Amino acid sequence: MSNDYIGLAREILAGYQPRPVEKPASRDAAVLLLMYHDAGTEHMIFTVRTNTVEHHKGQISFPGGGRHGADEDLATTALRETWEEIGVHPDHVELIGRLDEVITVSDFRVAPYVGVLRHAPYEFVPSPIEVAEVVEAPLRHLLDPANTKYEPRTLPDGTTTVSPAYLYNGHRIWGATARMLEMFLDMLRGDAANQERHQQWARLRGGDRE
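Residues numbered from 1 in each chain as written. Predicted model: local features only at pLDDT ≥ 70, side-chain atom pairs only at ≥ 80, totals over all residues. Heavy atoms only, no water.

Caption draft 1: Examining the packing of helix H1 (residues 5-14) against helix H4 (residues 175-189) more closely. Taken N-terminus to C-terminus, the directions of H1 and H4 make an angle of 95 degrees; their axes are 9 Å apart at the nearest point. Looking at the two axes, H1 sits roughly perpendicular to H4. Two secondary-structure elements touch here, H1 through Tyr-5, Leu-8, Ala-9, Ile-12 and Leu-13 and H4 through Phe-184, Met-187 and Leu-188. Tallied by class, residues from the contact of H1 with H4 come to eight nonpolar, no polar and no charged. (Axes fitted to C-alpha atoms, helices over the stretch in contact; angles between N-to-C directions. Helix = DSSP H or I, 4+ residues; strand = E, 2+ residues; numbered from the N terminus. Parallel < 35°, antiparallel > 145°, perpendicular 65-115°, else oblique. Contact = heavy atoms within 4.5 Å. Nonpolar A, V, L, I, M, F, W, Y, C, P; charged D, E, K, R; others polar.)

Written out as structure tokens, the structure is:
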């Protein structure tokens, strides 16, 4: 597998058609899987949420949030939320694609966008209200199976599946964030075998805390 993960992602997503989730009552939201290349290493950005935010207190997540009425589209939502949460100006991000929609336990229908910082290193400015820490995880670490655990989860229909958790520098990336991350990493690996589980988890509501 090539070490040019950003180039590979750009190539794959250029022809990818993201699959929607039909759940009209859910609230629209968007997140940004933001990557950058610096000093020979490619990273992905996560945030650790403060204990004062409304949803998912203290958990690790991608920058993002609910769509505002003034947002032109969900891409605008993802970029606006990233600017508000970690100080990345929308003009400094190249959007390269979008993944399948995911439903969270808080009943958001999330559109995951994938983007690349136009220059790095970058001086992140986390919002003290929303973000306790910015986590910059190397993609090669996330792609290493040794850093992934699979844990059983019971779905609302009573069936059991497994959900990933990614470990990095004392952090545990799990829940909806881990499911979106797995979807992306499997694209990089060319692993189509997990698509059925991705779709099963995309429709999840109530079986996980994130």
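There's more to say after this.
Caption draft 2: View of the pairing of strand E1 (residues 27-38). With nine bridges connecting them, E1 and strand E7 (residues 108-117) associate as parallel partners. What sits directly across from Asp-28, in E7, is Arg-109. Alignment of E1 against strand E4 (residues 64-66), held across three bridges, turns out to be antiparallel. Its bridge partner lying in E4, Val-31 is registered against Gly-64. In the sheet, E1 pairs with strand E2 (residues 41-49) via four bridges, with the strands oriented antiparallel. Pairing of His-37 across the sheet is with Glu-42, part of E2. Counting the residues that bridge the hairpin from E1 to E2 gives two residues, and of these Ala-39 lies at a positive phi of roughly 55 degrees. (Pairing = 2+ DSSP bridges.)

Caption draft 3: Expanded view of unusual backbone geometry. Here Ala-120 and Pro-121 are connected by a cis peptide whose omega angle stands at 5 degrees. Phi is positive for Ala-39, which is not a glycine, with a value near 55 degrees. Here Ala-39 lies in the loop between E1 and E2. The class for Ala-39 is exposed, based on a relative accessible area of 74%. Despite not being glycine, Asn-169 has its phi angle at roughly 50 degrees, a positive value. If you trace the backbone, Asn-169 turns up in the loop between strand E10 (160-168) and strand E11 (171-173). According to the relative accessible area criterion, Asn-169 is exposed, its value standing at 63%. (Buried < 20%, exposed > 50% of the residue type's maximum accessible area, 1.4 Å probe, protein only.)

Caption draft 4: Geometry of the side chain of Asp-100. Following the sequence through the fold, Asp-100 ends up in the loop between strand E5 (93-98) and strand E6 (102-103). Judged by its relative accessible area of 0%, Asp-100 falls in the buried class. A distance of 2.6 Å separates the side chain of Asp-100 from the side chain of Tyr-16, its partner in a polar contact. (Polar contact = N/O pair within 3.5 Å; in protein donor to acceptor, adjacent residues only side chain to side chain.)

Caption draft 5: Summary view of the sheet that holds strand E9 (residues 148-154). Pairing is antiparallel across the open sheet formed by three strands, whose spatial order is E9-E10-E11. Looking at which strands have only one partner, the edges of the open sheet turn out to be E9 and E11. Taking each pair of neighbouring strands and ignoring which way they run, the sheet shows an average axis angle of 35 degrees. Sheet topology note: the E10/E11 ladder contains three bridges and is antiparallel. Paired with Tyr-166 across the two strands is Ile-173, which belongs to E11. Contacting E9, E10 and E11, H4 runs over the sheet at an angle of about 85 degrees to E10.

These figures capture arrangement, not role.
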